[in-house]
Amino acid sequence: MSDQLVRTITKDGFVKAVAVSTRDLTERARQIHHTLPVATAALGRTLAAASMMGNALKGDGASVTLQIKGGGPLGKLLAVSDNQGNVRGTVDDPTVDIPLRPDGKLDVGTAVGCDGTLTVIRDLNMKEPYVGSVGLLGGEIAEDLAAYFVESEQIPTACGLGVLVDRDQSVLAAGGYLIQLLPGAGEDVISKVEGGVMAAGSVTGMLQAGDGPETMLRRLLSDFELEILEETPIEYRCYCSRDRMERALISLGPEELRSLIDEQGHAELRCQFCDNVQTFTKEQLEALYENVRKKSKKN
């Protein structure tokens, strides 16, 4: 089954939820960045979270960026989602290899660290993006994201994220969910949600049992009647292009471009999110330099 996002609301109108299956896109990220298992798990969780948050933005061209700096050996985790839930991401050190936790699971919390922040940037195509940031609780990402919603947006939230890495280091399963209470939800609703989450177990457990996003939601919210609002395919999608890389070179300005030409004679730009590499010859750089120089003289 290809990666999918499902969004729902309970028929009583007190709970909204979204779930994703992200095995393919997480495996794509692993192949691009050559991540070892703990980096695969951390980046995969971040990608799933960003996808669910990005899909909630309905404006064309809107995007969500998740940035996690925990002070751990992985360094910074970054994931960007478009308004459909398609994502791309990166991790500073994909080759981190640390011992498993005592329970035999990947130690994502230690790899990410908890001495830092989770930052959410929502770009709604307005003058300034909305930026919210909270201190990390434990670096496991799901609990940190739930804390962000409570602290920064005052939305009671349950979050589960999981990535299961196979013996050959490929991604066996990946996905997650976000459950949020809507205004008017009382203690009985909270109790039902908490009971459902506890009974459902871990994300990786549900995925291993063959649950897709809709089945996960029905399992998590088993005490509610659900109305499915949206089912959409999602993928690892990068928007880089030669034009964008050319604009990045132009943004250096005439002096830095001149130095680049004189010192290196060419430029090779690699997208941080995917395996796209664009090479600019000396002649192409000279043409860019002349255009930038002329524009700077006019200004």
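Nothing here was measured: the structure is a model prediction, and the numbers come from that model.

A. Focus on the packing of aromatic side chains. Tallying each qualifying case throughout the model produces one aromatic pair. When the centroid spacing of 5.4 Å and the interplanar angle of 70° are considered together, the rings of Tyr148 and Phe149 count as edge-to-face. Per residue, the accessibility class of Tyr148 equals that of Phe149, and both read buried. Between the NZ or CZ atom of Lys192 and the centre of the ring of Phe224, over which it lies, the distance is 5.5 Å. In this structure, Arg242 packs its charged tip against the face of Phe280, placed 4.0 Å from the ring centre.

B. Broad picture of the nonpolar core. Counting residues in each nonpolar core, the largest one holds 67 residues, and the members touching the most others are Met53, Val112, Leu118, Leu145 and Leu285. Counting residues per element, this core draws most heavily on helix α2 (residues 37-55), at 11 residues. Judged by nonpolar contacts, the second largest core, of 22 residues, contains Val189, Met206, Phe224 and Leu226.

C. Highlighting the environment of Asp211. Turning to its location among the elements, Asp211 is positioned in the loop between α6 (203-208) and α7 (213-220). Residue class for Asp211 comes out buried when judged on its relative accessible area of 7%. For the pair Asp211 and Ser21, spaced 190 residues apart in sequence, the C-alpha separation works out to 9.0 Å. With sequence-adjacent residues up to four places away left out, Asp211 is seen in contact with Met206, Met216 and Arg219. Looking at Asp211, its side chain comes within polar contact range of the side chain of Arg219, at 2.7 Å.

D. Just the sheet that holds strand β5 (residues 87-91), in detail. Strands sit in the order β5-β4-β3-β6-β7 across an open sheet of five strands; the sheet is antiparallel. Looking at which strands have only one partner, the edges of the open sheet turn out to be β5 and β7 (130-135). On average, each strand axis in the sheet is tilted by 10° relative to the strand beside it, whichever way the strands run. Two strands pair when backbone bridges link them, and strand β3 (residues 63-69) and strand β6 (residues 117-123) are joined in this way by seven bridges, in the antiparallel orientation. Counted as the bridge partner of Val64 is Arg122 from β6. Together, β3, β4 (76-82), β5 and β6 form the strand contacts of α2, whose direction differs from that of β4 by roughly 30°.

E. Geometry of helix α9 (residues 254-264). Those residues of α9 lying buried are Leu257, Leu260 and Ile261. The arc enclosing the buried residues of α9, seen along the axis, measures out at 95°, which places them on a common side. Exposed residues pointing more than 90 degrees away from the buried face of α9 are listed as Glu255, Asp262 and Glu263.

F. Local environment of a negative patch on the surface. A cluster of acidic residues, Asp12, Glu187, Asp188 and Glu194, forms a negative patch at the surface. By the element assignment, Glu187 lies in helix α5 (residues 187-200).

G. Representation of the environment of Ala17 within the structure. Among the secondary structure elements, Ala17 is positioned in strand β2 (residues 15-21). Overall, the relative accessible area of 2% leaves Ala17 in the buried class. A sequence separation of 203 residues divides Ala17 from Leu220, and the C-alpha atoms of the two residues are 9.6 Å apart. For Ala17, the contacting residues outside a window of four places in its chain are Val6, Arg7, Thr8, Leu178, Ile179, Leu217 and Leu221.

H. Structural view of unusual backbone geometry. With phi around 55°, His34 is a residue other than glycine that occupies positive phi space. Considering the arrangement of structural elements, one finds His34 in the loop between α1 (23-33) and α2. A relative accessible area of 60% places His34 in the exposed class. Positive phi outside glycine occurs at Ile141, with the angle close to 85°. Counting through the fold element by element, Ile141 comes out in the loop between β7 and α4 (142-153).

I. Region of interest: the packing of α1 against α2. With their axes 10 Å apart at the nearest point, α1 and α2 run at an angle of 130° to one another. One element, α1, and the other, α2, form an angle in the oblique class. For the crossing formed where α1 meets α2, the hand is right-handed. For the pair α1 and α2, the contacting residues are Leu25, Thr26, Ala29, Arg30 and His33 in the first and Thr40, Leu43, Gly44 and Leu47 in the second. Across the contact of α1 with α2, the residue classes break down as four nonpolar, four polar and one charged.

Cut-offs used in this document
- Residues numbered from 1 in each chain as written.
- Predicted model: local features only at pLDDT ≥ 70, side-chain atom pairs only at ≥ 80, totals over all residues.
- Heavy atoms only, no water.
- Phe/Tyr/Trp six-rings, centres within 6.5 Å; stacked < 30°, edge-to-face > 60°.
- Buried < 20%, exposed > 50% of the residue type's maximum accessible area, 1.4 Å probe, protein only.
- Lys NZ or Arg CZ within 6 Å of the ring centre and 35° of its normal.
- Core = buried A, V, L, I, M, F, W, Y, C linked by side-chain atoms within 4.5 Å.
- Helix = DSSP H or I, 4+ residues; strand = E, 2+ residues; numbered from the N terminus.
- Contact = heavy atoms within 4.5 Å.
- Polar contact = N/O pair within 3.5 Å; in protein donor to acceptor, adjacent residues only side chain to side chain.
- Pairing = 2+ DSSP bridges.
- Axes fitted to C-alpha atoms, helices over the stretch in contact; angles between N-to-C directions.
- Arc of directions from axis to C-beta.
- Patch = residues over 30% accessible without salt bridge, like charges linked within 9 Å, V, L, I, M, F, W, Y side chains within 5 Å.
- Areas by Shrake-Rupley, 256 points an atom, 1.4 Å probe, with all protein chains shown as cover.
- Salt bridge = Lys/Arg side-chain N within 4 Å of Asp/Glu carboxyl O.
- Lys, Arg positive; Asp, Glu negative; His and termini not counted.
- Charge placed at Lys NZ, Arg CZ, Asp CG, Glu CD.
- Parallel < 35°, antiparallel > 145°, perpendicular 65-115°, else oblique.
- Left-handed = near helix turned anticlockwise from the far one by under 90°.
- Nonpolar A, V, L, I, M, F, W, Y, C, P; charged D, E, K, R; others polar.

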